[in-house]
Each structure stands twice: as C-alpha cells, then as structure tokens.
Amino acid sequence: MTASFIFVARTRLLCASALAAGLVAAAAPAQAMQADGAESAPTAAPDPAYDEIIVTARKREENLQNTPIAITAIGGAQLEARGAVDLTTMQNIAPNLTLKTGGGTSGATFTPVINIRGIGQGDFTINTDPGVGVYIDGVYLGRSVGSVLDLADVQRVEVLRGPQGTLFGRNTIGGAISVVSKMPDPRETSGSLSITGGSREFAQVRGSINLPLADNLAIRVSAMARQRDGYVDALQYDDFKLGGEKMWAARAALRWQPTETLTIDVAVDHTERRDPPAATVALQLGDISPGQTGPTGPISNFFNRGQGPAAAARLPWISADAPRCATDAAFRNSSLSCYGNAWLAGTSGNNSVWQDRSGNVIRPVNKLNVTGYVGTVAFDSAIGTLKSITAYRKFNSTFYGDLDFTPYSIFTNNNVPFDQKQFSQEFQLVGSAFGDRLDYVLGAYYFNEKGDQAVDLLTPGNVPAGQAPALAPFLPYLQTTTRTIDNSSKAAYAQLTFAFTERLKLTGGLRYTDETKDYRVVQTRAVGPVQSATGTQGTKIWTPMANLAWQATDDVLLYATYSEGYRAGGFAARFTSGLISPLPSYQPEYVTSYEAGVKSTLFDRRLTLNLAAFRIDYRDIQVTATTPDLPGFVLNLADARFTGFEAEARAILGGGFTANLSAGYTRKQLTSVAPGTVSSDGTNAAVPITTSSVLPGPTWQLNGQLAHRFELKNGGRVDTSFDVHYESRESNSVANYDIIYQPSYAEAEARIAYTWPNDRFTLALGARNLFDKQYFTTKTLSSASAAVYGTLARPREVYAQFTYRFGS
C-alpha cells in the first residue's frame, strides 16, 4: 500500500467522519428552531472584524484606514471565510495584482509569476530577480520558487502596491506581499482543526494549537497537509494526471517575554511538495511562425528534415518521414511520424514523455523542500522599539519539463537540482519624539544568498556535427548548464514623519543599498571541453520617497506619494548553442512613481471607499529580445510609462448583506525601444518590438463579493458569499503573438457556512471556479522547441469543510 494511498484513505475517512458529525450536530439547532416556531432575523452588519485591520506596512502598527499608502490587507478569519488555499487567493481580493502558477518553461506549479501594477517577473531562473517582493514574517524570499505560500494559521496578508524602495528595498519595484503568521499567546490555550474534502480527490487537513507554558512563555504549533488530483491527462502514461498537488507543512513558534519591555520570538517552518508537472497543454507544434505557414523551428527542423546527428546515430532522433515532415505542412500536421499538430490533444490531454539524463522514461515528480528559521528580538526603550530580525532560509527542488509535447525526444529540460539558501539580518528602531510630533523608523539590513541551478538539456537534434559521433552513445542527453549565484546586499534606511498639525503630516524616507552579484555558468557535455564564464556586478543606489497626508475629516484621509525603486541587473542564463564570451549582462531597471489617493469611511461607517491614481516612469526595462548585436538575451532595451488607478469599497447594505468591490486599471505604454529590437523567438517567428507593442498583463482587473450573514435565534449563524474575479484580454509576451493572447475571462466562487451558537464549529460547502470556466494562467511561445503551450487553470472544485475551534 503506497504512502499516497494511505494519505488519501486516511484523509477521506477523517473528512467523512467530521462531516457526518457536523451534519448530525447541525440537525439539533434546526429541530429546536422548528419546535420553537421562531423566525430567524438577519443582522444589520456582517463580521465586525472587517472594521479594524491593523497593518505594519510602515514598520509600525497602524490602522489600515489611517495608513497613507495603497495597501490591501485581509485577516486570517476572512481568508478562512473565503476558503483560501494559498497565496494565489490574493489576486481575487487586491486590485492590480496577478499571481499565476506554472509559468514559463519551468513545468512546476510552485514557480509563480507575480505582478503588481503590471510590473513583476516573467522568468524563474535562479539569476532572475523578482519585481514583487514576498515576505514571510518580515523575511524577504530571495527567489520566486517556493513563494506560493500556504495560508494556514495566518494572522493577515498585506499587499503593498507601488515601489517600496525605502522600507523594503531592492526588487520591490512593483510592490510587496507581506504574510504575517499568528504568534504564540501566553494568556490562554486555543487552537483549531479544519478538515476538507472535495472533488478531484481534494483533501486537506489544517490544525493549530497555542499552549501557554508560563505567564510569559507560550508555544504555537501548526501543521497542514493537502492533496488534490490533476486535471490534464498524460496520455502516454497509465493513470497519470498533470496539475495535481501533494504537500505538507508545519510551523512551530515560541514567544518569551522575560520582562515587560523585552519580547523574544523564535520560529521554524518546513514545507514539502511532491507534485506532478503543471497542467500544460500544447497549442501549436512544429511550426510557430505567424500564420503557421513558415518553416519549422530550428531544433524541430533537425527532427522533421532529418538534419540531426551523424547517420550512425540518427534514429530514433529524427523522423522516419524526413524530410517530408519539414516541407509538406499538411502532412506534418496530420502524421504522427512528424513533429507537428497531429500531436495536439486539445485542453484535456498532453502527449509528453519525460526522460532523465540517461534517456530513461520516468514518471516525473516535481519536488520542493523549504525550511526557514527566524529569531526576532524586540526591546521597548526610552527612544523607541529596538528590533532585530535574524533569518536563515533554504530550499531544494527538482522539476522536469518536456517542451515538445510528444513521445519523441526533441526538447526536454530538467532542473536537477534548483537549490538556494539565504541569510538575512535586519535591525530597526521605531519610535517617536517631540511629544509624538515626529515618528521615525531607522534600519540597517544585510542579505546574502547562494544558489545553484543545474539544467539537463535533452536535444539530440541539436548536436553539433563535429561532436555527433562522440556524443551518439549518450543521446538524447546533450548538455548540462549549471548556474551559480552568490549575491549580497547591504542597506541602511530612515523614514521620518513630522506632524505639522494633528491632521497634516509629511513623511520623508531614504535608503542606501550596496549590492554585489557574483555569477558563474558552466556548460558540460558527455564528451568535450567544459565551458565556463563568470561575471560580477555591483550596484550602489539611493532610493527616496516622500509622502504628504492630510486627515481632512475624521473619516477622510488624502495623500500624495513620490517614490523610487529598482530591480537588480544580472547576466544571461540560457545558451542552447554554447557559451558566449564575454558573458552578456544587463543593468538594473528603475521606476519613479507618483501617486495620489483618498481613504474614506462614510455614512456612519457603512461604506469604506479607498481610491488611488498613479503614474510610473519605468526606465531601462529588462526585456528578453534580440538586437543586431546579441540574439535572445535579457537586455535593457526600453522605457515605458504606466498610468492607472485602483478602487476598493466595502458597503454594508442592510438586511445582513455586505458588498466588497475592487477595480484595478493599468495602461502600459512603451515610450522608447532600442532600434532594431525584435522578439527572441527565432527567425521563423521574429517580430519587431516597437513603441506600439503591448507589454504583458491585463489592463483591467475587477473583483466583487456579495456576502450575507443570517443570525439565527439560537445564536448560530449562516454565512453565504458569492465572489467574481475578472481580467481583461492580455498578451503573455511583448511580441504580441495572437496565439498566446489570453482572452478576457471571469470566474466565480460560492460558499455557504453554518456556525454553531458557541462559535466552536463551522460546517461549510463551497465551490471554486463555480461555472467551470476554462482559461490559461500563462501561455508561452518557444522557438527553441518550436512549440506554443499554455498552463490551464484548475477547473471547478466543489468541497465540504468542517472546522473546530477552542479558546478565543
């Protein structure tokens, strides 16, 4: 009996038992109400916990409505009420945020693509920095891999929009996402247990317990496990679906308060994932030229035309019907002997066969292990709160990508392994002076990371003619490219807020960053010389900000902000035809942001309305493209201007109804592009990139929720909600190929939950992607593999959840 089977069986049994108990218990109050003949009455206001959200976006505790920046925050209770699974839920809440999984060529669901206000990261390679910073309990995550955090035992999530170059620093030019965990509380024992089961083998268990050990000492332990089946068939395998998930995670935190002025927090967390590859399907194969009428791609052409390795090693690495497969488009797209559209399987299947370095067929499992340690010491002194945050985190992973989507060995790249470890230290002083007219935040920060990414490339058709006889015994393996990073960053920052009056405040901030990036890339083949290249890059930069806030009335706050930020530069990552010397590099990119906003609480707190408008000047944009001098690398090739706005509203409608709405609009206009720039997608699909080209990302994003609370006479309540998320049409590449445009789409969620009178039990039924909308989270055109492919979003998922709570 396999571990997977045991996991599913046990979880199903737990779900069945818990739901049965919940239904039996639910019958008691229902019968009591019928016996009384009493009617239930709706409340005037749903969950009052929405009214007061405390955030720490500016390194001090502030009421959300009194914080003069564009920020969305949601508490753990509200995330639970939405049935949130992981961090991707936030794109259905915060405007101008997109958070997609399974992006690019990774083939893994734990490599997200995150953008705020149209700025983020499109690649996952270890030497590509994020454009949106993700933080867990104040600790920056240096790589995008593994940053799709589970939302178990979370106090709140904050989404900060716009560059955060002063308090957060490098690589936050789009914004930042801050996840704050629940901390131990020595006042009482408390905890919760949640069991969920649903369609497509969805099974999840989450639990947490808070245990006081003394009057000033407590420990909090939380754990979770989740598994759900895939939804795209791997057609060349028996009983194998793509897009599934199997993971578990645990966290333990200890809080000690030896004195009234000293708090020491220590925490450790660990996550493991064992997933099949992402739910990716082919959309076009063999020929990706505009209109699909040109020659096949460079690597697939070896297979279709028969120009692969030396004659002694050709079969099975070239088509049996070469060269007809290359010259006859109709035959290529109808014959399974060719690399072409005959292998397309629609949106329900994938014909990939995954292989290891030795060419053995494998049943791929994408693995991720993440471990983190953090120690925080806070001391309240006469000059303010002194805080030290010391953290060490690491992850190791392996994931597999077959990018030709056929049983043939044409183009496969496997990340074996992809590892990173990081250490960070931050000191903060947060205080006030001059009768609280001056608030200040002073800080110093150090960050160091080391990492390795080894990519095995299986492309037998790309073997150089001179090396073909020697490499023939090792085919389909061609080469391994190993990328190694050693990055360090040192920074100091200060932010001061002066109150001219009780209602008018001016904030100024400045950060100095000195960072160094050491990069080494090594390319090895089974025979022949080892190639290597190194690069070192340093950046020293000041990033300022200024903010003017006016509390016009007790309920209306107006503000204006100027801020700057940058994303670090780097070096080329991919070399399918051998290393280039000197190593191609690119410099940092910069943003200057102008923003004005209003935060208001109106009509006796029945309406909360927050608005923000912005303009971003985006300089030296890092673009993957081809110029007359360099083919297909990341270069600083363009400038742009982004303009847009965000609106967030919460309205208490009466009769127990509440509406939550958000809208985000971003217009992205390229203002200059280096002459001669074309897309990096090969000669048969190259298109010019000009100021008329459209940058990736939707222009419009809308979120809406209608919720209702029905208070029962027995003290219980019924909560229902209906959520809708909409994104407008978008291109997945600045090259703007029609085939990789994502049409506009909307998806919905629904949930109904009954909570017992003592607030200890909740039984919920819900559905994600309620109307089973089919859409792609990402689409990619790859000239290297002559394939166009996309990752499908999860289809409709219906679930039942039973939650038990104890303590407050």
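Residues numbered from 1 in each chain as written. Predicted model: local features only at pLDDT ≥ 70, side-chain atom pairs only at ≥ 80, totals over all residues. Heavy atoms only, no water.

### A word on the pairing of strand β46 (residues 797–806)
When a strand is regular, its side chains alternate between the sheet's two faces. This is how it is decided: Here, any two strands with at least 2 DSSP bridges between them count as paired. Put simply, DSSP marks the helices as runs of H or I at least four residues long and the strands as runs of E at least two long, and each gets a number from the N terminus on.
Here strand β12 (residues 190–198) runs beside β46; their pairing, made up of 8 bridges, is antiparallel. Bridge pairing in β46 links S192 to R805.

### Topic: the pattern of salt bridges
As a working rule, side chains carrying opposite charge can pair if their charged atoms are close by. How we decide: A pair is scored as a salt bridge if a Lys or Arg side-chain nitrogen falls within 4 Å of a carboxyl oxygen belonging to Asp or Glu. Categorising residues by exposure relies on relative accessible area from a 1.4 Å probe, with only protein chains included: less than 20% of the type maximum marks a residue as buried, more than 50% marks it as exposed, and the intermediate range marks it as partly exposed.
Applying the stated criterion to the full structure yields 40 salt bridges. Salt-bridge contacts for E797 lead to R768; the nearest nitrogen and oxygen are separated by 2.8 Å. Within this pair, whereas E797 is found in strand β46, its partner R768 is found in strand β43 (residues 761–768), the two being separated by 29 residues in sequence. Per residue, the accessibility class of E797 equals that of R768, and both read buried.

### Let's talk about the sheet that holds strand β6 (residues 113–116)
Strand order across the open sheet formed by 3 strands is β5-β6-β7, with antiparallel pairing between neighbours. In the strand order of this sheet, the two ends are held by β5 (97–100) and β7 (119–120), each with one partner.

### Some details on the packing of aromatic side chains
Cut-off, in case you're wondering: Each Phe, Tyr or Trp ring (for Trp, its six-membered ring) is paired with any other whose centre lies within 6.5 Å, and the angle between the two planes then decides the class: stacked below 30 degrees, edge-to-face above 60, tilted in between.
Counted by the stated rule, this structure contains 32 aromatic pairs. On the basis of an interplanar angle of 85° and a centroid distance of 5.7 Å, the ring pair of F110 and F399 is categorised as edge-to-face. Here F110 is found in the loop between β5 and β6, whereas its partner F399 is found in strand β24 (residues 384–402), with 289 residues between them in sequence. Here the two residues F110 and F399 agree in accessibility, since each one is buried.

### Overview of the environment of P258
Mapped onto the secondary structure, P258 falls in strand β17 (residues 245–259). A C-alpha to C-alpha distance of 9.6 Å links P258 and D215, two positions 43 residues apart in sequence.

### Observations regarding the state of the cysteines
To be explicit about the condition: Cysteine sulfur atoms that come within 2.5 Å of each other are treated as a disulfide pair.
As enumerated under the stated definition, the model contains 1 disulfide in all. Paired by a disulfide, C325 and C338 hold their sulfur atoms 2.0 Å apart. Because the torsion about its S-S bond is -75°, the bridge between C325 and C338 counts as left-handed. In this pair, C325 is assigned in helix α4 (residues 324–327) and C338 in the loop between α5 (329–332) and β20 (349–350), connecting sequence segments 13 residues apart. With respect to class, C325 is no different from C338; both count as buried.

### Digging into unusual backbone geometry
Residue P323 is bonded to the preceding A322 through a cis peptide linkage, with omega at 5°. Inspection of the secondary structure assignment puts P323 in the loop between α3 (298–305) and α4. The residue after V416, namely P417, is reached through a cis peptide bond having omega 5°. Looking at the secondary structure, you find P417 in strand β25 (residues 412–433). The phi dihedral of N96 falls on the positive side, at around 60°, and the residue is not glycine. Looking at the element boundaries, N96 is found in the loop between α2 (76–81) and β5. The class for N96 is buried, based on a relative accessible area of 7%.

### Things to note about the pairing of β24
Both strand β23 (residues 366–381) and β24 contribute to a ladder of 15 bridges, which runs antiparallel. Within β24, the residue paired with K367 across the bridge is T398. A loop of 2 residues connects β23 with β24, the two strands running antiparallel in sequence. As paired strands, β24 and β25 are joined by 17 bridges and run antiparallel to one another. Across the sheet, L386 pairs through a bridge with L429, a residue of β25.

### Quick look at the confidence of the model for the protein chain
In plain terms, the rule: Confidence scores here are pLDDT values: one per residue, from the predictor, ranging 0 to 100. Only heavy atoms matter for contacts: two residues are in contact if any of them lie within 4.5 Å across the pair.
A residue-level look at the protein chain finds 89% of positions with pLDDT of 70 or above and a mean pLDDT of 88. Long-range and interchain partners of residues 1–50, a stretch whose pLDDT sits below 50, account for 70 contacts in this model, where long-range means more than four residues apart.

### Focus on the side chain of R751
Where we set the bar: A residue counts as positive if it is Lys or Arg and as negative if it is Asp or Glu; His and the chain ends are not included. Definition of a polar contact: a pair of N or O atoms within 3.5 Å, with one able to donate and the other able to accept a hydrogen when the atoms are protein atoms, and with sequence-neighbouring residues admitted only if both atoms are side-chain atoms.
Considering the arrangement of structural elements, one finds R751 in strand β42 (residues 745–755). E80 provides the closest opposite charge to the buried, salt-bridge-free R751, at an N-O distance of 5.6 Å. Separated by 3.5 Å, the side chain of R751 and the backbone oxygen of E80 make a polar contact. Within the structure, R751 has its side chain in polar contact with the backbone oxygen of A81 (distance 2.9 Å). Each residue touching R751, except ones within four places of it in the same chain, is listed here: E80, A81, R82, G83, D719, T720, S721, A764, L765, G766, Y799 and Q801.

### Re the nonpolar core
The line we're drawing: We define the nonpolar core as a collection of buried residues of types Ala, Val, Leu, Ile, Met, Phe, Trp, Tyr and Cys that are connected through side-chain atoms lying within 4.5 Å of one another.
Residues L79, L87, M90, L97, V157 and I177 are the most contacted members of the largest nonpolar core, which totals 22 residues. Mapped by element, the contributors of at least two residues to this core are β5, β6, β8 (132–136), β10 (154–161) and β11 (175–181). The residues contacting M90, other than those within four sequence positions of it, are I74, L79, L97, V157 and V159. Judged by nonpolar contacts, the second largest core, of 21 residues, contains F395, V521, L579 and L583.

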